[in-house]
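An overview of the molecular structure
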Amino acid sequence: MPAMANIIPAHLSTPYLLGGLVVLYIGYRIALTIHIDAKIRKLGARAPVRKTYVPLGLDMAYEVISYALKDKSYEMWIQMFDKWAGPGRYTIEAGVGERVILTAEPENIKAILATQFKDYGKGEQFRKDWHAFLGNGIFTTDSTLWHNSRQLIRPQFIKDRLSDIDIFETHTQVLLSKLAGGQPIDTLDMMFRYTLDAATHFLLGASVDSLHHPQTKFADAFYNAQRVQSIIARVGPLNWAVPRKRMRFYDSIKTIDEFVSMYIDRALALSTEELNEKSNHDTDYTFLHAIAGYTRDRQMLRDQLVSVLLAGRDTTACTLTWAIYHLSLSPSITAKLRQEIIDTIGLAEKPTYQHLKDMKYLQHVLNETLRLYPVVPYNVRMALKDTTLPTGGGPRGDQPIGILAGTPIGYSTLVMQRRADLYPGSETGFADPTRFVPERWDSWTPRSWTYIPFNGGPRICIGQQFALTEMGYTLVRLLQRFSGIENLMDGEHPGLHADIVLQPAREVSVRFVEGVGKSG
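Residues numbered from 1 in each chain as written. Predicted model: local features only at pLDDT ≥ 70, side-chain atom pairs only at ≥ 80, totals over all residues. Heavy atoms only, no water.

Side note on the packing of helix α9 (residues 187–204) against helix α14 (residues 298–329)
Our working definition: Note on definitions: angles span 0 to 180 degrees between N-to-C directions of axes, and those axes are lines fitted to C-alpha atoms, for helices only across the stretch in contact. Under the DSSP-based scheme used, a helix requires at least four consecutive residues in state H or I and a strand at least two consecutive residues in state E, with every element numbered from the N terminus. Put simply, a crossing is left-handed when the front helix is turned counterclockwise from the back one by less than a right angle, and right-handed when it is turned clockwise. Contact between two residues is taken to exist if any of their heavy atoms lie within 4.5 Å; hydrogens are not considered. Side-chain classes are defined by residue name, with Ala, Val, Leu, Ile, Met, Phe, Trp, Tyr, Cys and Pro counting as nonpolar, Asp, Glu, Lys and Arg as charged, and the others, Gly among them, as polar.
Close contact between α9 and α14 brings their axes to 8 Å; oriented N to C, the two are set at 145°. Two packed elements cross with a definite hand, and for α9 against α14 that hand is right-handed. Across the interface between the two elements, Thr187, Leu188, Met191, Phe192, Tyr194, Thr195, Leu196, Ala199, Thr200, Leu203 and Leu204 of α9 pack against Leu305, Val308, Leu309, Gly312, Arg313, Asp314, Thr316, Ala317, Cys318, Leu320, Thr321 and Ile324 of α14. Residue classes in the contact of α9 with α14 are distributed as 15 nonpolar, 6 polar and 2 charged.

Some words on the pairing of strand β2 (residues 99–103)
Heads up, the rule is: Between buried and exposed lies partly exposed: a residue is buried under 20% and exposed over 50% of the maximum accessible area for its type, with that area taken using a 1.4 Å probe on protein chains only. Whether two strands pair depends on DSSP finding at least two bridges between them.
The buried count for β2 comes to 5 of 5 residues, which makes it a mostly enclosed element. A two-sided burial pattern is seen for β2, the buried positions comprising Arg99, Ile101 and Thr103 on one face and Val100 and Leu102 on the other. In the sheet, β2 pairs with strand β8 (residues 408–412) via 3 bridges, with the strands oriented parallel. In the strand pairing of β8, threonine 103 is matched with tyrosine 411.

Digging into the nonpolar core
Selection rule: Residues belong to one nonpolar core when they are buried, are Ala, Val, Leu, Ile, Met, Phe, Trp, Tyr or Cys, and are joined through side-chain atoms within 4.5 Å.
Phe133, Ile256, Phe287, Leu288, Leu475 and Phe512 are the most contacted members of the largest nonpolar core, which totals 147 residues. Among the elements that take part in this core, α14 stands out by supplying 14 residues, more than any other. With residues near it in sequence (within four places) discarded, leucine 475 still touches Leu320, Ala323, Ile324, Leu327, Ile341, Leu362 and Leu366.

Details of a nonpolar patch on the surface
As a reminder, the rule being used: Patch construction takes residues with relative accessible area above 30% that form no salt bridge. Like charges are linked within 9 Å, and nonpolar side chains (Val, Leu, Ile, Met, Phe, Trp, Tyr) are linked within 5 Å. We get accessible surface area from the Shrake-Rupley algorithm with a probe of 1.4 Å; when it comes to residues, only the shown protein chains can shield them. One side-chain nitrogen of Lys or Arg within 4 Å of one carboxyl oxygen of Asp or Glu is enough to make a salt bridge.
A cluster of nonpolar residues, Tyr53, Val54, Leu56 and Leu58, forms a patch on the protein surface that exposes about 410 Å² of accessible area. Judged by its relative accessible area of 62%, tyrosine 53 falls in the exposed class.

Quick word on the sheet that holds strand β5 (residues 378–383)
In space, the 5 strands of this open sheet follow the order β1-β2-β8-β5-β3, with mixed pairing throughout. The sheet is open, and its two borders are formed by β1 (91–95) and β3 (120–121), each paired with just one other strand. Note: β1 against β2, 5 bridges, orientation antiparallel. Residue pairing across strands places glutamate 93 opposite isoleucine 101, the latter belonging to β2. Across the sheet, helix α4 (residues 73–85) touches β1, β2, β5 and β8, and the angle it forms with β1 is around 105°. Contacting β1, β2, β3, β5 and β8, helix α5 (residues 106–115) crosses the sheet at an angle of about 120° to β8.

Observations concerning helix α7 (residues 143–153)
Quick reminder of the rule: The arc in question is the one traced by the directions running from the helix axis out to the C-beta atoms.
Within α7 the residues assigned to the buried category are Trp146, Ser149, Arg150, Leu152 and Ile153. Projected down its long axis, α7 shows its buried positions confined to an angular sector of 160°, all on one face. Set apart from the buried face of α7 by more than 90 degrees, the exposed residues are Ser143 and Thr144. On its buried side, α7 packs onto α13 (287–292) and α14.

Structural notes on the side chain of aspartate 142
Under the convention used in this document: Two N or O atoms count as a polar contact when they lie within 3.5 Å, although within protein this holds only if one can serve as hydrogen donor and the other as acceptor, and sequence-adjacent residues are included solely when both atoms are side-chain atoms.
Within the secondary structure, aspartate 142 sits in the loop between α6 (124–134) and α7. Here glycine 123 takes part through its backbone nitrogen, which lies 2.8 Å from a polar atom of the side chain of aspartate 142.

Points about the packing of aromatic side chains
Put simply, the rule is: Pairs were defined over the aromatic rings of Phe, Tyr and Trp, the Trp ring being its six-membered one, requiring ring centres within 6.5 Å. Orientation was assigned from the angle between planes: stacked under 30 degrees, edge-to-face over 60, tilted for the rest.
Under the definition given, this model contains 25 aromatic pairs. Seen from their ring centres, tryptophan 322 and tyrosine 373 are 3.9 Å apart, and the 5° between their planes marks the pair as stacked. In this pair, tryptophan 322 is assigned in helix α14 and tyrosine 373 in the loop between α17 (360–372) and β5, connecting sequence segments 51 residues apart. Among the residues examined, tryptophan 322 registers a relative accessible area of 1% and is labelled buried. Looking at tyrosine 373, the relative accessible area reads 4%, which means it is buried. Measuring from centroid to centroid gives 5.5 Å for tyrosine 423 and tryptophan 444, while their planes differ by 40°, and the two rings are tilted. Here tryptophan 444 lies in the loop between α18 (413–417) and α19 (464–481) and tyrosine 423 lies in the loop between α18 and α19, a separation of 21 residues in the sequence. By relative accessible area, tryptophan 444 is classed as buried at 12%.

Following this line, the structure appears as structure tokens:
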């Protein structure tokens, strides 16, 4: 057989070889695409595709990061749905190196979280991506690991504990002292410190006292770990490129671990008998004591503590900040809420659980805040098997979508809860859904799965009642002490920033106004 060199001239052999490889690769990619498309279509239809024009979808990755850095992720989602799906449709396919489904359809979110719960989970890659920060905690695992975490944590949030109210009161009094005097405050910074103090007190039995000492090493480390982790989550399979070491991610994790380990050591110094003798009626009984009574595994204790601390601190701080922002913009809403507080308990008495439940307008203010600002605005699940999503496929968007195992599903409660088409029309007298109007809740109940600020299904937030109680208690104490909240932002909207939770992109500057106000 003649040598290749005798068939192809030497100066042409390399280009011919490279050209052949390119043709083979293109042929392979086309064949693979056809094969994958056939597998998907056996399961269901395709959703509209957000086209990419650079290999591996790098143009989309750039767009995602660029919009996120400008705090415009919400606008990006809206634009993608409008451009690629068309008016009134809220599910598309996209991809950064892999097929991804993005949706803001209630029926699809319901399927992911509830009716097809066993088909979707966090997935192994998600667990790996988040492992350094949250380990094998309740937010990163599936199946047995997740079930064990939930069973461990859930009992601590079932009952209304008087000791929780005492914790809120302790730190609310410190907060009030910091707000006195009428000086301008950075609301989010103040709320982060307040909720961190309350959360560490509840979980560990000792507060970090960041209201007294703003520059705590632990608080800074916790913030930085979240910031870097959100970038890791956004870029998906390209997250290997995130410079974790240069961004001090591992240093932050080390600081968190050292802080939490100190309290774990104290809890594990108690024998099982001593832990069992403690009860939630003891003044020094903590969340850590409760879970240490069930497991002596240091890593499990660490992972659950950091997970619950993330949820306990950020959920409350951000929601309180958004509520205070809107109260500062509307003196009439503030006055109405304050009058309800005065009518229910006066200006001095500490609110009880029953007081908080009885104040309907307080509940409406919180509900309206969570409607416009759901705590986790963007979330993801992974298909654990070949399955479907109920709607969004086909030419009219009314067919089930075929979903292959390993397909990530990104869903946005922020986009869904702001969709005008999911609300009664203005002709019914219903207030514009983009406006903050607590009164809408007087006679309106959201349709099923159109309002899920704490997620839904088996993974619904187990701490939601604790969070709502802390938020309500804090607002009541604030408006018992202060007669109003003055906005100092000159009409500027703070913008929407999403690391893990939804928070203002810019400082929410307000001043709390001293005064007694009405009393009857």
